[in-house]
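Inside the fold
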Amino acid sequence: MTRKKSAAPAAKENKPKPKPEPVLSATNIVKELGRGAGTVMALKGVDLRLVPGELTLLMGPSGSGKTTLLSILGCIMTPTSGELTVAGTKTAGLSPDELAVLRRDHIGFIFQSYNLFPTLSALENVRIALDVRGQKGYEAARRCEEVLREVGLGHRLRNFPGNLSGGEQQRVAVARAIVSSPSIVLADEPTAALDGENGNAVMELLARIAHEQGRSVLAVTHDPRTLPYADRVVRIEDGLIVGEERRPEGLDAPEITDLTKRRKAHA
Amino acid sequence: MIFTLAFRNLFHDRIRLAVTLVGILFSIVLVAVQLGLYLGASRMITANIDHADADLWIMPFGAKSFEDGGLLMGTRERHQALATPGVAQVTPLVVRFTEWRKPAGGSTRVVVVGTDAEDGAVKPLSLKTGTWEDIKAPDSIAVDETYLKDLGVDGIGDTAQIGPSRVKVGALTSGVRSFTQSPYVYTPLSRARSLVGAEGSDLATFHLVKVYPGQDVEQVRTNLLNRLEGAEVLTTGEFHQRSLRQWLFRTGAGVALIGGALLGILVGTVIVAQTLYSSTKDHINEFATLRALGSSSGYIHKVILTQAGLSAVIGYVLGMVLALLIVLASQSTPLPIVMTPQLAAGLFTVTVFMCAISAVSAIVKVTKIDPATVFSR
Ligand SMILES: Nc1ncnc2c1ncn2[C@@H]1O[C@H](COP(=O)(O)OP(=O)(O)O)[C@@H](O)[C@H]1O
Ligand SMILES: [Mg+2]
């Protein structure tokens, strides 16, 4: 909701597009996991910036550090070293509760296994995201219904997760992530548990959230079917960023079917 | 939403809920019965003392309770007491164990209580049938209706014998039971003296003192002690306490009752703590998700405390229903259980306290949640 495509008219006048300010910037992030002899350097100095209005995919093999990076960017884990700034706030030295506030105010999460509350209905699952922010009552409920309609679940408001398909559950999770209008949405393997059709529906939603609502969306994935929706793909291997591709200007998202192929063709 | 989540968590696992409620129920019923028995016993022990309209009790030195006074004091003490500054009224009271001979043979021990009601010191204890005038009729006495069978009589007009004298049931009290299980027999002072073998004497067990309005009771007590040798002077409150101590603590009965109540609280707390902890463990991923969504730790604690509070309220209601049924059923036993609004309120406080304590281990558990676990499921 924050910064909508303000850059679009400027592009038409053929001036260099002003770079949007990043809402999240990570510099030289290092993360050691485990202790003693079992210590693993999960991240070995990662730089990453996220700007509004973009869907970024973070791709890499299993064990490359994707989830670890996402946890750090989401202020859920603290880095061993490096600097992280979220919505203008430096996270170094913040207490767990201060980090919780930062998450609450700026970040929405989507998980591979949805992490919905089994005892709450679809609507209640979304409402709880506003409730932890102190937004209660009729207005909050209406906003939640509206967002559930946006993700195509207007007819499933009172259903419990157990009575929803995987795709529907993930869409509830998407609604929960965006209901508070966060500037950043972080998704860990959002399509991994879904079949093709449902996976596409969720990716389409994430792209819309980025493009129409001007949020900055980062999705961890190793699913090539998600590529057509990306504005940008960041590759990670063994705790290091090893490559980054960007959708060329003027191309609509669905037309860039596979950035990897494009790169290979250029080579 | 905190309430909704707590409610759903609680009712999600019915078996665990049942265990929690049984734990609370067990506690409440046990504590209610133990404390209700304690209250019932206390009331029985002190009913006669509490009913007396006296500021001070003059008694033989070392008298341990209402039934333990002996027969020692006579008119001399009475006059000395009456001459003491501040004293308005002195009423003799006779209390003595003696033998009651049933009309059909056999005997049982009773406690004869003799006083002249017009002196105003001992109000006739909840007379149900008959009046004090009926008790003043020749040979007449009052006993409690619950002891008629024990005394081998059927009701008003029946006769029995105490010592060499014939007695006739002239009035009935209701609910005046005796902790010693020896029924009280109320009768006028002079008849009481003759029934306990002190006919024509001026002996008494206690002298009940009323001070003039506005008098300092402590000062009057000091004055009395200076004049009376070998006697003790207690306020009604002190005598009440002394009687309780004698019967409930010297005999160990009170310790057993209070110990039982504490045990009930302990067992209940352990059960509730256990179920609440395991519930929290089962829902730990949801709490981690809440934390990831940016909820404060206070929010999560509130969910757990609400769960505890809900258990407390439901458990309390069920427990009280059962406890009241037991109280009702106990009314015809020798030691009826007493339930008062204060005890009911106290039990609620205990229940809430118990559940709050139980929530501690669950809260400690969620405090240690690492929200990073949300990604590793
Ligand atoms: N708690 C942990 N303790 C030790 N090593 C860990 C822990 N969590 C993850 N790792 C290791 O850190 C590396 C990165 O893990 P992760 O970020 O989960 O990878 P990805 O999400 O890309 O599969 C892996 O080698 C993994 O084995
Ligand atoms: Mg992972």
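None of these values were measured; they are calculated from a predicted model. As a convention, each chain's residues are numbered from 1 in the sequence order in which they are written. Working convention: letters from A go to chains and numbers from 1 go to ligands, in the order in which they are written. With the structure being a predicted model, the display of local features is reserved for residues of pLDDT at least 70 and the display and counting of side-chain atom pairs for 80 or more, all residues being used for whole-chain, interface and lining totals. Note: side-chain values were computed over all heavy atoms of the structure, leaving out hydrogens and water.

Some points on the pattern of salt bridges
Whenever Lys or Arg places a side-chain nitrogen within 4 Å of a carboxyl oxygen from Asp or Glu, that contact is recorded as a salt bridge. Under the defined criterion, the tally for this structure stands at 24 salt bridges over all chains. For Glu 139 of chain A, the salt bridge identified is with Arg 142 of chain A, shortest N-O distance 4.0 Å. One end of the pair is Glu 139 of chain A and the other is Arg 142 of chain A, both in helix H5 (residues 137–150) and 3 residues apart, which spans about a single turn. Remark: exposure states derive from per-residue accessible area (1.4 Å probe, protein chains only) relative to the maximum for the residue type, with buried under 20%, exposed over 50%, and partly exposed in between. Owing to a relative accessible area of 52%, Glu 139 of chain A belongs among the exposed residues under this scheme. Classification of Arg 142 of chain A as partly exposed rests on a relative accessible area of 43%. In this structure, the salt-bridge partner of Arg 16 of chain B is Asp 13 of chain B, at a minimum N-O distance of 3.3 Å. For Arg 16 of chain B, a relative accessible area of 14% translates into the label buried. Connected through salt bridges with shared partners, the residues Asp 13, Arg 16 and Asp 282 of chain B form a single ionic network. Under the scheme used here, helices are H or I runs from DSSP no shorter than 4 residues and strands are E runs no shorter than 2 residues, and both carry numbers assigned from the N terminus.

Thoughts on the layout of surface pockets
The definitions used throughout rest on a 1 Å grid laid over the protein atoms alone, on which a cavity is an enclosed set of points accommodating a 1.4 Å probe that cannot get out and a pocket is an open set flanked by protein within 12 Å on both sides along at least five of seven lines; lining residues are those having an atom within 4 Å of a point. Grid points are joined across faces, edges and corners, and a volume is the space filled by probe spheres set on the points. The volume enclosed by the second largest pocket comes to roughly 350 Å³. Surrounding the second largest pocket, 21 residues form its lining, Pro 96 of chain A together with Arg 291, Ile 369, Asp 370 and Pro 371 of chain B being those nearest its centre. Those elements giving two or more residues to the lining of the second largest pocket turn out to be strand E1 (24–33) and helix H3 (96–106) of chain A together with helix H11 (297–330) and helix H12 (341–367) of chain B. Residues are grouped as follows: Ala, Val, Leu, Ile, Met, Phe, Trp, Tyr, Cys and Pro are nonpolar; Asp, Glu, Lys and Arg are charged; all remaining types, including Gly, are polar. Of the residues that constitute the lining of the second largest pocket, the class distribution is 12 nonpolar, 5 polar and 4 charged.

Looking at the site of ligand 1
Residue and element names in this part refer to chain A. With respect to spatial proximity, the complete set of residues near ligand 1 consists of Leu 33, Gly 34, Val 40, Ala 42, Pro 61, Ser 62, Gly 63, Ser 64, Gly 65, Lys 66, Thr 67 and Thr 68. The definition of a polar contact used here is a pair of N or O atoms within 3.5 Å, where within protein one atom must be able to donate a hydrogen and the other to accept one, and adjacent residues in sequence count solely through side-chain atom pairs. Interatomic distance of 2.7 Å between a backbone N/O atom of Gly 63 and an oxygen atom of ligand 1. Mapped onto the shell around ligand 1, the elements with two or more residues apiece are strand E2 (40–50) and helix H2 (66–73). The leading source of residues in the shell around ligand 1 is H2, at 3 residues. Taken together, the residues of the shell around ligand 1 sort by class into 4 nonpolar, 7 polar and 1 charged. Note on terminology: near, applied to a residue and a molecule or strand, indicates that one of the residue's heavy atoms is within 4 Å of it.

Re the side chain of Arg 291 of chain B
Note on placement: Arg 291 of chain B falls in helix H10 (residues 284–292). Taking the relative accessible area as the measure of exposure, Arg 291 of chain B reaches 12% and is therefore buried. Any two residues whose heavy atoms approach within 4.5 Å at even a single point are treated as in contact. Aside from chain neighbours lying at most four places away, what touches Arg 291 of chain B is Pro 96, Asp 97, Ala 100 and Arg 103 of chain A together with Ser 296, Ser 297, Ile 300 and Pro 371 of chain B.

Quick word on the domain arrangement of chain B
Much of the literature gives interface size as the accessible area that the parts lose upon coming together. Residues and elements named next belong to chain B. For chain B, the assigned domains read domain 1 (2–44 + 252–375) and domain 2 (62–229). Using C-alpha coordinates to define each centre, domain 1 is positioned 47 Å away from domain 2. Carbon and sulfur atoms make up 56% of the surface buried where domain 1 meets domain 2, a total of about 500 Å² over both sides. Two parts lose some accessible area (1.4 Å probe) when they are put together, and adding that loss for both gives the buried area. The largest per-residue losses of area from domain 1 upon contact with domain 2 belong to Ala 41, Met 44 and Pro 334, which jointly make up 70% of the total buried on that side. Across the domain 1-domain 2 interface, the total number found is 0 salt bridges. Domain boundaries shown here were taken from an automatic or database domain assignment.

A look at the packing of aromatic side chains
What describes a pair of aromatic rings is the distance from one ring centre to the other and the angle between the planes of the rings. Residues and elements named next belong to chain B. Ring geometry is summarised as follows: Phe, Tyr and Trp rings, the Trp one being its six-membered ring, pair when their centres sit within 6.5 Å, and such pairs are stacked at plane angles under 30 degrees, edge-to-face over 60 and tilted between the two. Considering all chains together, one arrives at 15 aromatic pairs over all chains under this definition. Measuring from ring centre to ring centre gives 6.3 Å for Phe 66 and Tyr 184, while their planes differ by 75°; the resulting arrangement is edge-to-face. With a gap of 118 residues between them, Phe 66 in the loop between strand E1 (56–60) and helix H3 (75–82) and Tyr 184 in strand E8 (residues 184–187) connect regions that are remote in the sequence. Tyr 184 shares its class with Phe 66; the two are buried. A cation over a ring is seen here: Arg 109 above Phe 97, with NZ or CZ 4.4 Å from the ring centre. We count a charge as sitting over a ring when the NZ of a lysine or the CZ of an arginine lies within 6 Å of the ring centre and within 35 degrees of the ring normal.

Observations regarding empty space enclosed by the protein
Residues and elements named next belong to chain B. Taken as a whole and assessed by the stated rule, the structure comprises 5 cavities of 30 Å³ or more. In this structure, the largest cavity occupies an estimated 80 Å³ of space. Taken together, Asn 9, Leu 10, Asp 13, Arg 16, Leu 17, Thr 20, Thr 275, Leu 276, Ser 279, Gln 307 and Ser 311 make up the full set of residues lining the largest cavity. Among the residues making up the lining of the largest cavity, the classes are represented as 3 nonpolar, 6 polar and 2 charged.

Some points on the pairing of E1 of chain B
Residues and elements named next belong to chain B. Burial runs high along E1: 5 of the 5 residues are buried. Strand pairing requires that DSSP identify at least two bridges connecting the strands. Alignment of E1 against strand E9 (residues 206–211), held across 3 bridges, turns out to be antiparallel. Residue pairing for E9: Trp 57 is matched across the bridge by Leu 208. The pairing of E1 with strand E10 (residues 231–235) spans 5 bridges and is classified as antiparallel. If you follow Met 59 over to E10, its bridge partner there is Glu 232.

Points about the packing of helix H4 (residues 122–131) of chain A against helix H6 (residues 166–178) of chain A
Residue and element names in this part refer to chain A. Angles shown run from 0 to 180 degrees and are taken between the N-to-C directions of axes, each axis being a line fitted to C-alpha atoms and, for helices, limited to the stretch in contact. At a minimum axis distance of 8 Å, the contact between H4 and H6 shows a crossing angle of 25°. One way to sum up the angle between H4 and H6 is to call them roughly parallel. For H4 against H6, the interelement crossing comes out right-handed. Between H4, through Ala 122, Asn 125, Val 126 and Ala 129, and H6, the contact on the second element is made entirely by Val 172, Ala 175 and Arg 176. Class assignment for the residues of the contact of H4 with H6 results in 5 nonpolar, 1 polar and 1 charged. Throughout this description, any angle smaller than 35 degrees is read as roughly parallel, any larger than 145 degrees as roughly antiparallel, any in the 65 to 115 degree range as roughly perpendicular, and the remainder as oblique. Should the near helix be turned counterclockwise from the far one by less than a right angle, the crossing is left-handed, whereas a clockwise turn marks it as right-handed.

Topic: the sheet that holds strand E5 (residues 89–90) of chain A
Note on sheets: strands pair through backbone hydrogen bonds, and any given pair is parallel or antiparallel. All names here are of chain A. The 4 strands lie next to each other as E2-E1-E4-E5, forming an open sheet whose pairing is antiparallel. Looking along the sheet, the strands with just one partner apiece sit at the ends: E2 and E5. The pairing of strand E4 (residues 81–86) with E5 spans 2 bridges and is antiparallel. The residue bridging Val 86 from the neighbouring strand is Thr 89, located in E5.

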